[in-house]
Amino acid sequence: MKIRYIPFLLLTTVILSSCLGDNGNNPDPLELATVYVSNEGNFGDANGTITSYDPESGSTLKAAFEDANGRPLAGIMQSAKIRGSRMYIVLNEANKIEVVDVRSLESVGTIEMSTTPTDFEIVTEEVGYVSNLYDGSITIVDLENFEETDEERISVGSQPRSMVRIGNFVYVANSGSGDDRTVTVINGNNDTVEETIEVGAGPTEIARDTGNRLWVVCNGKIAYDENWERDPENDIPGSVHIIDGQTATVVDSIETGGHPTDIALNNDGAEAYLIDETVSVINMNTFEIKEDTLIDRTFSGIEYMPTEGRLYVGDSKGYSQNGQAIIYELDGTAIDSFSVGIAPKIFHFIVN
Amino acid sequence: MFLFFYQVAHGQTIADTLQMEEIEVLATRILQPLTYQPTNVEVTDSTRLSFLKGQSIGEVMATESSLFIKEHGPGGMATASQRGLSSEQIQVLWEGIPINSPTIGQTDLSLLPANIFSEIQLSSGAPSTAFGGGNLSGALYLRSDWEAGKYFSARQRMGSYGQWQSSLEGRYSTEALQVSVHSMYDYSENDFEFYNRAYNRTEKREHNRSEGYNMMASIGKQINNGHWKSVFWVADKNNQIPGSILKTDSKSRQEDQALRWLSTYERQIGNAELSFKNYLSRAELNYFDFDMDTRSFSTNKRWMVSSDLKYPVAEQLLLKGEISGALTGVVSSNYPIDKSRNQFSLLANPEVMLLDHRLRIYPALRMDAYNDFGTVVSPSLGVNHELLPDKLFLRGQLSRDFNPPTFNALYWGQGGNPDLKAERSNTGEAGITITPEQFLGISSIKLTGYYSQISNGIRWYPGDDGIYTPSNIEELNTKGVEAEIKNTFLVSPGWQVSIQQSGILNRTEIMTPRFSGDQAVGNQLRYTPQWKYNASFTLQKDIFKGLIQYRWVSRRFTTDTEDLRDSLDPYQVLDVSVRAKKRLQALEFTLQVGVKNLLDANYEIIQWYAMPQRNFNLSLTATYHL
């Protein structure tokens, strides 16, 4: 890209991050240009994809990364985050992070990991963190040379998943398959653990609102007895814990019951939309469940699109056929849909 | 192709009808020559197998049969798919004993070296009445009944990417006593180069070493009016598991060990022929993945006894039947407690010859009672009509077959479903066999069409808690055509040429939606090629013999929706082997050179599992004839 275009792009391009942990600030209502849908893919086939959807024409590019780079994404999608002009696509099986230009999806670099990555967070322009599924740690990566650094991994809790940075603090959700109930706070200045915050069982996803509060979705625990038979009596119900991102303290929590998996934040409307067997609505001011069932279906991913004031949800049709993205009005009325890849998980909205 | 060779050679045609009839067909349990069978049976005989020593049964079947072998590359798993169905739905038999793993319901054909078997028979459409459940698509029958002989042989083979095989075999037979030993040690680094399309670069396969040992020993003895035989087979394989080509740091490995012991006793009492079988086996499958802290151990033990009776009531009627019982036990770190299965089976499968033996009818009825999921009754009716004597045969079969749920499906700790029922299928097929005596060198033409509906198909799906659980959810149908043509010529002076071609067309589809909005309905099943074509060309003169094998497999879709984007390209593979055999008094030397994948094709049979490009092998065999 020619340097002279950069200031222009910086001024005119607003990238809305949908996904959990992206900046979450609802931008001015500009025109939605592209929707990226990150699709997990099938475990056995490692066929995660990014679908690009043009809302104006209704057309989709089912495997937009492959179209842009002449090679498949190749891996099981764990997360995708937009930071600045880049998208960081985290894939396991291949255990790599594909770094692409957010507009063109052309490859900028590939970070090949020696661990099984689950999420990425940028710390500085030169340094990023990668959470590792199996060894309860964070790997520090060099974003200039696209490689792991020699720095010692940072120990966190069990099976770290989602990460979000606020200021110097990087918050890490330690899911532990329901056996861990902590969020680790890492000081990005010195790569040390600053604090460990107790939340509900199985913290999996983190979303950040405009007030720098973190909405931690705790999946709870699905219990099995010593014979691996289901043991519902020992299930731990899920919850949502709200953390003040500036002070690293728990503000409040909501016992949701069930086993919630994802959340989308509507800052202007002060509503959070939670996938927990159905889609329920949480009042972001009172921290109460406002509506148990906005949409009486479950989905594999959800995001709020502020420009349109609509919800985008991912409907997975299993792991061997394409899923569907469905667009809902905030009253729960489905208004449109489009085909996406296998097991849609994360939405990103690019506006002009 | 056969026309071309006819014009070049215009030699003497050999009608191998007689040769075909000499083959003892075992895969269908119908004691009739090939041409009188109700279904198609493909035979890879000992002569052919002698050329393919050093390969696994998976590799042999990929090039020699209508099976689609799902190979994960050298050192990786290879399983068979027949008529579009899964590897759990084809029964693999060794001397009539089902050897599919009771835990996973399939056989890894990469673990079976071809050189310990004397013959392979593949029967598409062999019904459950023949050998019990597990064969919705048919049966793969492995024989180890060696011909009489007195010799000792040592063989050394080496090849690309660190292949190293040493084998010893010996046979000693008299009228009263038969002893044979076949053994093989194999080692390979399997560190072949491949093109990694995920990164657009050439790489070398790592952590892919395999090492194994197989030994099969048998002793047979004439006892009064009977014959007793005992075969002992031990197998031990240790494989590093590299995973897909996307993985670069796998530390997984797998151990497969098996001990099998089969004893048979056959005796003539008047006109009746009685046989008894006693089979014991113990197989271990252990898997270790240190990254995921996985240590999976499973051991299965099996004891099976059977008694078989054949009694010719009249020239037109042969009464046959079998009574059998089996105990299977599995100890697995993946099950909460040890599990077992008891099975009792009764079979009546008479053979009826009418119209001066030109119309043969094969009715059969089988009952299998299992202690864990109930009783299954399987009927079948086969027919063969010799329309023109020795030249034209019409055949067909109707059957209702079943496939019992595997131990893993029933009892897997997290997700096993003890309420599973057996998979069932209704199959109809019809075929024609032509054996012209002198026409363009054609010695046989076979054409078969089939249609099968499968119900209660078992499929694993993730539940709300993310745990995969099997259920009887799948309803599918499979239909297709199988064709085979063989040409054989004798060309002066002393050249012998034979050509064998076969092709399959298969369509396998999900019939009913498995969930709301299921897009799989009406689409070709995943990893199921619609077309496959095999051709082989054998040329022999004096001490030299050459074999060229070619196969082409059509596109396979990796998802349910036949989306070209989610598919693997068609592939073609050409293998060439040349052998020279020279005898010096009692010593015989055989030198064989082979090139596999001569066209240097880049291909994947299973997504992200690279197959080796052009590679070479060389073997030298020394045989001392006693």
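Predicted model, so just to flag it, every value in this text is computed and none were measured.

Cut-offs applied
- Residues numbered from 1 in each chain as written.
- Chains lettered and ligands numbered in written order.
- Predicted model: local features only at pLDDT ≥ 70, side-chain atom pairs only at ≥ 80, totals over all residues.
- Helix = DSSP H or I, 4+ residues; strand = E, 2+ residues; numbered from the N terminus.
- Rg over C-alpha atoms; globule rule 2.2 N^0.38 Å.
- Buried ≥ 20, exposed ≤ 12 C-beta atoms within 10 Å, placed from the backbone.
- Contact = placed C-beta atoms within 7 Å.
- Nonpolar A, V, L, I, M, F, W, Y, C, P; charged D, E, K, R; others polar.
- Pairing = 2+ DSSP bridges.
- Axes fitted to C-alpha atoms, helices over the stretch in contact; angles between N-to-C directions.
- pLDDT = per-residue confidence, 0-100.
- Core = buried A, V, L, I, M, F, W, Y, C linked by C-beta atoms within 7 Å.

Draft legend 1. View of the overall build of chain B. In terms of helices and strands, chain B carries six helices and 35 strands. In summary, chain B has a C-alpha radius of gyration of 24 Å against a globular reference of 25 Å for 626 residues, a match within 12%. Overall, chain B is about 70 × 60 × 45 Å in size when its C-alpha atoms are taken along their principal axes. Burial status across chain B gives 45% buried among its 626 residues. For chain B, long-range pairs separated by at least 24 residues make up 62% of all intrachain contacts whose partners lie at least 6 apart in sequence.

Draft legend 2. A look at the overall build of chain A. Looking only at helices and strands, chain A has two helices and 30 strands in total. A globule of 352 residues ought to have a C-alpha radius of gyration of about 20 Å, and chain A, at 19 Å, matches this closely. Based on the C-alpha atoms only, the size of chain A along its principal axes is roughly 60 × 50 × 40 Å. Burial analysis of chain A (352 residues in total) assigns 53% to the buried set. In chain A, once contacts between residues fewer than 6 apart in sequence are set aside, the share between residues at least 24 apart is 44%.

Draft legend 3. Representation of the interface of chain B and chain A. Contacts between the two partners involve 28 residues from chain B, matched on the other side by 24 residues from chain A. When its residues are assigned to classes, the side of chain B that touches chain A shows eight nonpolar, 11 polar and nine charged.

Draft legend 4. Just the sheet that holds strand E24 (residues 278-283) of chain A, in detail. Residue and element names in this part refer to chain A. Spatial ordering of the open sheet is given by E22-E23-E24-E25, a layout of four strands whose pairing is antiparallel. At either end of the open sheet lies a strand with only one pairing partner, and these are strand E22 (262-266) and strand E25 (288-295). Between one strand axis and the next, the sheet turns through 25° on average, direction left out of account.

Draft legend 5. Structural context of the confidence of the model for chain B. Residue and element names in this part refer to chain B. On average, residues of chain B score 93 in pLDDT, and 96% of them are at 70 or above. Residue range residues 1-21 is modelled with pLDDT below 50. Its contacts to residues more than four positions away, or to other chains, number 45 contacts. Listed scores for the predicted complex are pTM 0.91 and ipTM 0.86.

Draft legend 6. Geometry of unusual backbone geometry. The backbone of A:Ala270 shows a phi angle near 55°, a positive value even though the residue is not glycine. Considering the arrangement of structural elements, one finds A:Ala270 in the loop between E22 and strand E23 (271-276). What makes A:Ala270 partly exposed here is the crowd of 14 C-beta atoms within 10 Å. We note that B:Glu562 has phi near 50°; this positive angle belongs to a residue other than glycine. With respect to the secondary-structure elements, B:Glu562 resides in the loop between strand E31 (556-557) and strand E32 (567-568).

Draft legend 7. Main features of the confidence of the model for chain A. Scored by pLDDT, chain A has a mean of 91; 91% of the residues are at 70 or more. In the model, residues 1-29 of chain A has pLDDT below 50 throughout and makes 55 contacts with residues more than four positions away in sequence or in other chains.

Draft legend 8. Quick peek at helix H4 (residues 57-64) of chain B. Where burial is concerned, most of H4(B) is hidden: eight out of the eight residues are buried. Of the positions making up H4(B), those classed as buried are B:Ile57, B:Gly58, B:Glu59, B:Val60, B:Met61, B:Ala62, B:Thr63 and B:Glu64.

Draft legend 9. Structural detail: the nonpolar core. Among the nonpolar cores identified, the biggest contains 94 residues, and A:Trp215, A:Val216, A:Val240, A:Ile263 and A:Tyr273 are the most heavily contacted of them. In this structure A:Trp215 touches A:Ile206, A:Ala207, A:Asp209, A:Val240, A:Ile242, A:Ile263, A:Leu265 and A:Ala272, once residues within four positions along its chain are discounted.

Draft legend 10. Molecular detail of the pairing of strand E14 (residues 210-223) of chain B. All names here are of chain B. The sheet contact formed by strand E11 (residues 177-188) and E14 spans 12 bridges and is antiparallel. Within E14, the residue paired with Ser188 across the bridge is Ser210. Relative to strand E15 (residues 226-241), E14 is paired through 14 bridges, and the arrangement is antiparallel. Paired with Ile223 across the strands is Gly226, a residue of E15. Joining the antiparallel neighbours E14 and E15 is a turn of two residues, in which Asn224 adopts a positive phi near 50°.

Draft legend 11. Representation of the sheet that holds strand E8 (residues 107-112) of chain A in the model. All names here are of chain A. In space, the four strands of this open sheet follow the order E5-E6-E7-E8, with antiparallel pairing throughout. Every other strand in the sheet has two partners, leaving strand E5 (76-83) and E8 as the edge strands with one partner each. Shown here is a sheet whose adjacent strand axes are inclined to one another by a mean of 15°, direction ignored.

Draft legend 12. Geometry of the pairing of strand E28 (residues 495-510) of chain B. All names here are of chain B. Sheet topology places strand E27 (residues 468-491) next to E28; 16 bridges connect them, and they run antiparallel. Its bridge partner lying in E28, Gly480 is registered against Asn506. Connecting E27 to the next strand, E28, in antiparallel fashion are three residues, including Gly494 with a positive phi near 85°. Sheet topology places E28 next to strand E29 (residues 531-541); 10 bridges connect them, and they run antiparallel. Counted as the bridge partner of Leu505 is Trp531 from E29.

Draft legend 13. Geometry of the environment of B:Ser471. Residue and element names in this part refer to chain B. Position of Ser471 among the secondary structure elements: in strand E27. For the pair formed by Ser471 and Thr488, sequence separation is 17 residues and the distance between their alpha carbons is 49 Å. Dropping the residues within four chain positions of it, Ser471 is found in contact with Asn417, Arg459 and Tyr461.

Draft legend 14. Spotlight on the environment of B:Thr35. Its place among the elements puts B:Thr35 in the loop between helix H2 (17-22) and strand E2 (41-44). With 351 residues separating them in the primary sequence, B:Thr35 and B:Glu386 have C-alpha atoms 8.7 Å apart.

Draft legend 15. The arrangement of the environment of B:Glu386 in detail. All names here are of chain B. Mapping Glu386 onto the fold places it in strand E23 (residues 374-388). Separated by 225 residues in the primary sequence, Glu386 and Met611 place their C-alpha atoms 44 Å from one another. In this structure, Glu386 is in contact with Arg358 and Phe393, ignoring residues within four places of it in sequence.

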